[in-house]
Amino acid sequence: MPPAQECSTVCAFMKSMLSGMIIGFLIILMSASFASVIFTGALVEFLPAGIGMMLITGVITGGLISLTSSFSGSISTPQDRTAPFLALVAASVTAALTSKMGIDVPAALFAYVVGVILLTTILTGIILVLIGISGGGRLMRFVPFPVVGGVMAGTGCLLIMGGLEVMAGFAIERDTIHLMAEPHNLKFWLPGLLLGLVLLTIMRKANHVLVLPTVLLLGTVAFHVITDAYGIPLEQLRDEGWTLSMPDGDVMPVPLPMVLGMLDWQVVLANSIWAATILLVSALSLMITAGSLELEARREIDINHEMKAAGLANILSGFAGGMIGFHSMSLSRLALSLRSAYRATGVLAAAVCGLFLFLDVSVFEYIPNFILGTVLIYLGLTFVYEWVLVARHKLSKGDYAIVLLILFAVIAVGLLEGVGVGILTAVMLFVTRYSRINVVRNTLSGDRYRSNVERTSQQLGLLEKHGSDILVLKLQGYIFFGTAHELNDRLLKRIEDKPEHKPRYIILDFERITGLDSSTAIAFIRLEQIAQKHDFSLLISAIQPHAYEQLSRNGFNEDGKVHLFPDLDRVMEHCEGKVLAAAGEDVESHQQADIHPEFTDLLKALGDRGVLDAVRLEEGETLVEQGTPSDELFFVASGKITASIRIQTDRNIRLRVFGPGTVLGEVSWYRGTPRSASLIAESDSLVYRLSKEALPGVEQSDPHLVSRLHRFIATLLSERLMLTNASLSAVLE
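Notes on the structure in this doc start here. Computed from a prediction, not measured in an experiment: that's the story for all the values here. (Residues numbered from 1 in each chain as written. Predicted model: local features only at pLDDT ≥ 70, side-chain atom pairs only at ≥ 80, totals over all residues. Heavy atoms only, no water.)

1. Some points on the overall build of the chain
The cut-off we apply is this: A helix here means a DSSP run of H or I that spans at least four residues, while a strand means a run of E at least two residues long, and both kinds are numbered starting from the N terminus. Computation of the radius of gyration draws on C-alpha atoms alone. For the globule rule, the value is 2.2 Å times the number of residues to the power 0.38. Throughout, exposure labels follow a simple rule: accessible area from a 1.4 Å probe, protein chains only, divided by the maximum for the residue type, with under 20% read as buried, over 50% as exposed, and the rest as partly exposed.
Within the chain one finds 27 helices and 15 strands. Expected size for 733 residues packed as a compact globule is a radius of gyration near 27 Å; at 38 Å, the chain overshoots this value by more than 25%. On the principal axes, the C-alpha backbone points of the chain span a range of 120 × 75 × 50 Å. Here the chain, with 733 residues, has 52% of them falling under the buried criterion.

Shown next, in the form of structure tokens:
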């Protein structure tokens, strides 16, 4: 190995070692903090096992996600965003067992709480895997941003509350909150609150990744230096509530098989709503973290892959006795800033967590309670700062009001109720904002927008005069009950406002419709009734079979006033034919002289030269295939020829229908490129073919004839361009 490469490898390893140790110790502090929030009250004697559950989470999720993530610098931790929910799960299960089942034995309570938490962790992992496999990770991005912000801000407030409870030593409720102001209690929680605020301020100003571990380390050292200077022993600090009081026990976690047989499934099912809430928060948090890591690392991260990686890690964590854990934005950013975004960093951090599983439980008694509280308060303050203060300048007033609404619901009523408010708000936001999207993409009139059928000058004039009898509505998006009724009201208003100019044919084009609600059929039945009352035909184009079947099952069917067509071009052709017939025009009789007077002369002159070959086509027969060499020019003498382009293996788009008196294949013929479209006989037709090899001879013998041919083709192209521009202008207006 070259010296430079060897040095680079050694340096990278040393960086990973240092960073892994720093991150590992931070995860241990977080583990102790989160466990202190969850295992309180009757469960406090099992705090060592609770810390062990957090540590095994750090080992399994930290190690697996570091090894399998699409981003090598991903660091996984026991989750601060789900810890408040797990604390509420523990409280809910404990309350249910003591009040309804009369179970007050701490060991039994602990077994139930652990069992429910482990099952929730496994279920969360399974759902995350399914989301990742199905590609549903991207769907999480459609959850309204203010709803996510409100839930996260509420979670931050609960973390702050948890930090205060850890330091104060009692649960903060309505009948105990006044105790927080007593001097005896004030000295326990006020330093941690102030330190959390100072830490947040420093991080906002300095924004250095080593600020957090440095402040926590200095706070711990300063605490023990001061207490040692006053000669206060550790036992006295523990008894007075300054440090963790660790009961005799083991920090090793409790695997699921040890508690599974002790569970009452009625209690488990009664708390299933918490599992659903934790799942939602986990998926949203993972989405937000992955998106933030993309910006921080300046590289794309596969959200579905991360869902699968986190899901698998949580399944294994749950079976091994761990809790929910996945990517941590703050610690992943720490690894990036230390230039150690390697997989080894996360693995070493997980190894540090694993090491503490085998240490004596008393080591955690050296951690002051106010340090644990500071960790929780700082994490909670970062959520509140980001989603309440910073978001105030990023969100609209309406969106910001939603954030505050959900936050106040969490504080006033509870976290579960706040999440419920968030879900309800998301639904209302979707309905409100989607209803503002106009289901009508374009409104077109037949006097300017035409089919792709080539018409005579007389027919074009008639369509310009009477084409307003045709009204085209090009629809878009998803149609549900509200937007369908809005469409009805819009059509009815147009008809009633101008009864003397009401259209005879109304076309609804479904080409860009992504789906429709079952209740939409009611609105379309009403539209059919409007068509009967006001005597117009309702024509529907490009509707998908499953969509029409859905309407048909609910009573909307093709009948005398409702007609279906495969695409907009063919329904336009149908309506134009009706309009021309009503104006006394025989659509089927095309006279060559009516289209281009010079066509007959050119055809005769070229025929006299012997350079034209007659080609007779039956209906449906192909004249040329798309992609074949273009060395021939075609003159349509009678019948109809359709130019169509194949965009998929099973889909053709009709570009134009040509009648007698026109020339085909001229663009590719001039450019020397393969045919851009296929030419197919729409009826029995007679076509004359001019090969490119025959043209030089005609140019030598009669250059004036060739000049007339070029001039005729230029006129055709100009007219087609004008028609295209008119249609495009109608669409863009």
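2. So, the sheet that holds strand E8 (residues 612-617)
Quick note on the threshold: The pairing criterion is simple: DSSP has to find at least two bridges between the two strands. To define axes, lines are fitted to C-alpha atoms, for helices over the stretch in contact only, and angles between the resulting N-to-C directions are given on a 0 to 180 degree scale. What makes two residues a contact is simply this: any of their non-hydrogen atoms within 4.5 Å.
The antiparallel open sheet is built from 4 strands, whose spatial order is E8-E15-E10-E13. Among the strands making up the open sheet, the edge pair consists of E8 and strand E13 (662-664). Neighbour to neighbour, the strand axes of the sheet diverge by 30° on average, direction disregarded. When E8 meets strand E15 (residues 685-691), the two strands line up antiparallel, connected through 6 bridges. Bridge pairing in E15 places Ala614 opposite Tyr688. Across the sheet, helix H24 (residues 598-608) is in contact with E8, strand E10 (632-638), E13 and E15; its angle to E10 comes to roughly 120°.

3. A closer look at the nonpolar core
Definition in use: Put simply, a nonpolar core is a bunch of buried Ala, Val, Leu, Ile, Met, Phe, Trp, Tyr and Cys residues held in one set by side-chain atoms that sit within 4.5 Å of each other.
By size, the foremost hydrophobic cluster in this structure holds 133 residues, and its most contacted members are Ile38, Phe39 and Phe364. Here this core takes 14 residues from helix H15 (residues 369-394), the largest share from any one element. Discounting chain neighbours no more than four positions away, the residues touching Ile38 are Leu43, Met54, Ala83, Leu86, Ala87, Ala90, Ile117 and Met323. Grouped together as the second largest cluster of nonpolar side chains are 31 residues, Ala484, Leu491, Phe524 and Phe536 included.

4. Description of helix H14 (residues 343-356)
Under the convention used in this document: Here the expected span of a helix is defined as 1.5 Å times the quantity of residues minus one.
The terminal C-alpha atoms of H14, which comprises 14 residues, lie 21 Å apart, in line with the 20 Å expected from a rise of 1.5 Å per residue. Here H14 has its buried residues at Thr345, Gly346, Ala349, Ala350, Val352, Cys353, Gly354 and Phe356.

5. Topic: the environment of Ala270
By the secondary structure assignment, Ala270 is in helix H10 (residues 265-270). Note on Ala270: relative accessible area 59%, which makes it exposed. For the pair formed by Ala270 and Ile301, sequence separation is 31 residues and the distance between their alpha carbons is 37 Å.

6. Looking at the packing of helix H6 (residues 183-205) against helix H7 (residues 211-229)
The condition is simple: An angle below 35 degrees is read as roughly parallel, one above 145 as roughly antiparallel, one from 65 to 115 as roughly perpendicular, and any other as oblique. Two helices that cross are described as forming a left-handed crossing if the nearer one is turned anticlockwise from the farther one by less than a right angle, and a right-handed crossing if clockwise. Gly is placed with the polar residues, together with every amino acid not listed as nonpolar (Ala, Val, Leu, Ile, Met, Phe, Trp, Tyr, Cys and Pro) or charged (Asp, Glu, Lys and Arg).
Taken N-terminus to C-terminus, the directions of H6 and H7 make an angle of 150°; their axes are 10 Å apart at the nearest point. By the criterion of interaxial angle, the relationship of H6 to H7 is roughly antiparallel. Of the two elements, H6 crosses H7, and the hand of that crossing is right-handed. Of the residues in H7, those in contact with Leu195, Leu199, Ile202 and Met203 of H6 are Val211, Leu212 and Val215. Split into classes, the residues belonging to the contact of H6 with H7 amount to 7 nonpolar, no polar and no charged.

7. Regarding the pattern of salt bridges
This is how the line gets drawn: Every case where a carboxyl oxygen of Asp or Glu lies within 4 Å of a side-chain nitrogen of Lys or Arg is listed as a salt bridge.
Inspection of every chain in the model, using the stated rule, returns 15 salt bridges. Linking Asp489 and Arg526 is a salt bridge whose minimum nitrogen-to-oxygen distance equals 3.5 Å. Of the two residues, Asp489 sits in helix H19 (residues 481-497) while Arg526 sits in helix H20 (residues 520-534), which places them 37 residues apart along the sequence. Between Lys561 and Asp535 there is a salt bridge whose closest N-O contact spans 2.7 Å. On the criterion of sequence distance, the pair formed by Lys561 in the loop between helix H21 (545-553) and strand E7 (562-565) and Asp535 in the loop between H20 and strand E6 (537-541) is long-range, its members being 26 residues apart. For Asp535, a relative accessible area of 52% corresponds to the exposed category. Three or more residues joined by partner-sharing salt bridges are found here, namely Asp569, Glu573, Arg654 and Glu682.

8. Quick notes on the environment of Ser644
Tracing the chain through its elements places Ser644 in strand E11 (residues 641-648). Assessed through its relative accessible area of 9%, Ser644 is described here as buried. Considered as a pair, Ser644 and Val347 are 297 residues apart in the sequence and their alpha carbons are 60 Å apart.

9. Description of the pairing of E6
Quick reminder of the rule: Handedness of a crossover is defined as follows: with both strands directed away from the viewer, a clockwise route from the first strand across the helix to the second makes it right-handed.
By the criterion of burial, E6 is predominantly enclosed, with 5 of the 5 residues buried. Of the two faces of E6, the one carrying Ser537, Leu539 and Ser541 and the one carrying Leu538 and Ile540 are both buried. Here strand E5 (residues 505-516) pairs with E6 via 5 bridges, running parallel. Each residue of the ladder has a partner; that of Ile507, found in E6, is Leu539. After leaving E5, the chain enters H20 and then returns to the sheet as E6, a path that is right-handed. Strand direction decides the pairing type here: E6 and E7, joined by 4 bridges, are parallel. Residue pairing across strands places Leu539 opposite His563, the latter belonging to E7. Handedness of the crossover joining E6 and E7 through H21: right-handed.

10. Digging into the pairing of strand E4 (residues 470-479)
Burial analysis of E4 places 7 of its 10 residues in the buried class, which makes it a mostly covered element. Pairing of strand E3 (residues 440-445) with E4, which is carried by 5 bridges, proceeds in the antiparallel orientation. By the bridge assignment, Val440 is partnered in E4 with Leu475. Once you follow E4 into H19 and on to E5, the crossover reads as right-handed.

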